[in-house]
Each structure stands twice: as C-alpha cells, then as structure tokens.
Amino acid sequence: MDDSKNYIQDIRSILLKNIKPSYETTNHKEIHVRCPYCGDSKHDKSKARFYIEMRPPFRFHCFKCETSGVLNQQVLRDLGVYDNDLTIDLAEANKFVKGNGVQKISTKSLKHLIHENPYSEIAKRSLNYFNSRFHSNFDPLYVQKKFRCVLDAPAFFALNHIYAKGFDFNNAIGFISSDKSHIIFRDTSGIQQRRYCNVCLVDEDQLDICSKMYNISGGIDVMQENVDLILAEGIFDIIGVYNYLHHDENDNRTIFAACCGKGYNAVIQHYLRLGFLDMNIMIFSDSDVDIQFFRDLKNNSIYLKNSRITVVKNALYDPATKANKDFGVPEDSIKLNKIII
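Residues numbered from 1 in each chain as written. Predicted model: local features only at pLDDT ≥ 70, side-chain atom pairs only at ≥ 80, totals over all residues. Heavy atoms only, no water.

**Q** Which residues make up the packing of aromatic side chains, and what values do they have?
**A** All chains considered together, the criterion is met by 21 aromatic pairs. Every member of this aromatic cluster is reached through a ring pair, and the members are Y129, F130, F134, F138, Y142, F147, F175, Y214, F236, Y242 and F256. (Phe/Tyr/Trp six-rings, centres within 6.5 Å; stacked < 30°, edge-to-face > 60°.)

**Q** Give me the lowdown on the side chain of R194, citing residues and values where you can.
**A** One can find R194 in the loop between β8 (182-187) and β9 (196-200). Under the relative-accessibility criterion, R194 is labelled buried at 8%. A distance of 2.6 Å separates the side chain of R194 from the backbone oxygen of G166, its partner in a polar contact. Other than its neighbours up to four places away in sequence, R194 contacts Y37, C38, T67, G166, F167 and D187. (Helix = DSSP H or I, 4+ residues; strand = E, 2+ residues; numbered from the N terminus. Buried < 20%, exposed > 50% of the residue type's maximum accessible area, 1.4 Å probe, protein only. Polar contact = N/O pair within 3.5 Å; in protein donor to acceptor, adjacent residues only side chain to side chain. Contact = heavy atoms within 4.5 Å.)

**Q** Report on the environment of S178, specifying residues and quantitative values.
**A** Considering the arrangement of structural elements, one finds S178 in the loop between β7 (172-176) and β8. On the accessibility criterion, S178 (28% relative accessible area) is partly exposed. For the pair formed by S178 and N215, sequence separation is 37 residues and the distance between their alpha carbons is 5.8 Å. If we skip the residues at most four places from it in the chain, S178 touches R148, M213, Y214 and N215. There is a polar contact of 2.6 Å between the side chain of S178 and the side chain of N215.

**Q** Please set out helix α4 (residues 121-134) residue by residue, giving values where relevant.
**A** The end-to-end C-alpha distance of α4 is 20 Å, a good match for the 20 Å that 14 residues give at a rise of 1.5 Å each. Those residues of α4 not exposed but buried are I122, A123, S126, L127, F130, N131 and F134. Looking straight down α4, one finds its buried side chains confined to an arc of 160 degrees; they lie on one side. Buried residues along α4 sit in contact with α5 (140-146), α6 (153-160), β7 and α7 (235-245). Residue H135 follows α4 closely and has a positive phi angle near 55 degrees. (Expected span 1.5 Å × (residues − 1). Arc of directions from axis to C-beta.)

**Q** Tell me about the side chain of N314, and name the residues and values.
**A** Within the fold, N314 resides in strand β14 (residues 309-314). By relative accessible area, which is 3% here, N314 ends up buried. Apart from the residues lying within four places of it in its own chain, the contact partners of N314 are S287, N324, D326, F327, V329, S333, I334 and K335.

**Q** Tell me about the sheet that holds strand β10 (residues 214-215), and please be specific about residues and values.
**A** Strand order in the open sheet formed by 6 strands is β10-β12-β11-β13-β14-β15, and the pairing between neighbours is mixed. Of all the strands in the sheet, just β10 and β15 (336-340) have a single pairing partner and so form its edges. Note: strand β11 (residues 227-232) against strand β13 (residues 279-284), 6 bridges, orientation parallel. Residue pairing for β13: I230 is matched across the bridge by M282. Across the sheet, α7 lies against β10, β11, β12 (254-258), β13 and β15, angled at about 155 degrees from β12, the strand it touches most. (Pairing = 2+ DSSP bridges. Axes fitted to C-alpha atoms, helices over the stretch in contact; angles between N-to-C directions.)

Next comes the structure, spelled out in structure tokens:
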C-alpha cells in the first residue's frame, strides 16, 4: 500500500513524542518503548523491550513478558497515546493486509461458560480466592453462571479454541465482559508482574464497537419506568457491592455494572442507548477519589446535568494503610458514606 509510509511516519512521530523513553531502531522499521503491561525493568528506567513494527499490520511484542498482538486503539491508550485519527489510519492501513497472522475469534464461537470440570485443581484455587476475598461460600457453578466467571482458564481456552500467552493463567481468575468481547483476568498468586490481563475474543476490526464493560448477570425488565444503575470502577468492586446490597435474585430493576477502564459516562451512555432513560444512578467510588471529579462528570454531561447522582464511598477506609479503599471486600469491611450531587 503506497500510503503506508505516511501512516508509519505518523505513528513513529506520535509515539516518540508521547512516550519516554522511546527509541527508533537503525533500520527505521520498528521502535521500542517501555512495556505498558509489565513495565520492563524496575531497576533500570531506560529499558525498553516493547517493540512495535512500523508497517501494517503494526505488530507489537514485549521480549520480557511476551505480550504480543497488533496495535489498536486500546493498545495505544495503554501506551498513553490518545489520537483518534491515528486509530482510524491504523484500521485503514490494515484493510490492505491479508493473512497477517492475527487469530480471529468470533464471540459466537464461545461455548457454554461452564467448562467440562468446574472442580479441577485450578478451578478450586480460583474459587477459593473468590470466596476468601468476600468471606462467601459460593458454589463454583453459581459463580460461573452469576458472575460469568472463568475459574479454569486453560480448560476454558481449550474448550473455545482460544490462544493466549504472556500471563500465568493457571493462577488467574477471569470475568467475561458484557458483550463477550473480552475476558478480564486477575492474578490470584500475588507474584505475577501484572495484576491484570485482558484477553480479546474478537477480530481486530470489531474492537471499536466492543467494550470491556462488565455487568452482573440478571434479568432487567425493560418496561420498568425507572431502574437503579449501580456503578463501580472494577469487577471485584461491583461484586462486593452486589454481595452487600443485593439479596433478591428476582430483582428485575437493578443493574450492577463495572466500567473496567471505560469511564462512568461511557457506561451510563450505554444503558441510555438501550432505552433506560430514567435511571437512579449510584456510583460506588474508591475513597481516595475527590468528589469534584463526580461534579465535573455531572456538569459536563447533557443527560447527567439535571440528574441526581449518589456517590458512595467506604467509610471504613483507612488512608494510612489504604485498607477498605474500595468495595472489593467482605460485607463486614463496608460502611456506606453517601454523598448526593
């Protein structure tokens, strides 16, 4: 493609400008920067093992944590580069690439969530991590179905023909996003360099319409005059809130959702597009987030400007130890502090 040189130059200049340290290789065919996932060396800030190929399909590979893939909007954001024009250029350039080696998995190919053996040793470890975190005693089948939880990642990958690397999935618990486009994994060992790993399940050209947003499974009656939209930042936060607040499995007017990096406004807009026009919004925030953040969120939104939002923080938060900063904790570690804005 004749225009690919222009895209390459755009990418090179933007990355070199925005990411420090970053280096061009002598042949100008790739650049290398510090890996946004493993962080490279903790002792030498000049280390940069995350290589980006400067030609379509713009592959990347970290030679430390082995994370690899194709440059897209999410990877650019992980690198700290926010440029919509560049994202469009990348997609346009890749239209002309055939057989680029990227594994393409349709969300329709996902089989039933419950894999063949929910009582495997890996599943037992994951379930123990889950129940220990919330002081709960859930059955593995309930956790898998209710929370769309992947307890045994290797078995789930084998069942659905998914290939992923760069993370110890034998010691990880995963959650499938609302649109089944991603699995968000969390390390359960406490020793991995990365706490989280996102496994994408869709084609690269579908990413712009996909999201890592997560909601807890439940039947919502779309004919309700209004619904309660309960929001939190992370998956464990919203599960903690659900366990604390929710005791009626037949509730059909409460939505529990986690942003997972998308931002509160994006999740609110998602449910507006689904037709939930009258929502009572409660945001369960980390306790160290300034309330002005939520006032700005409200004032900068046409829909939210005239709405009442309840921001909830954990009153048991200890600033010295950071304990109970969020809601991904047992019920006895939660005390609600509500602020109406």
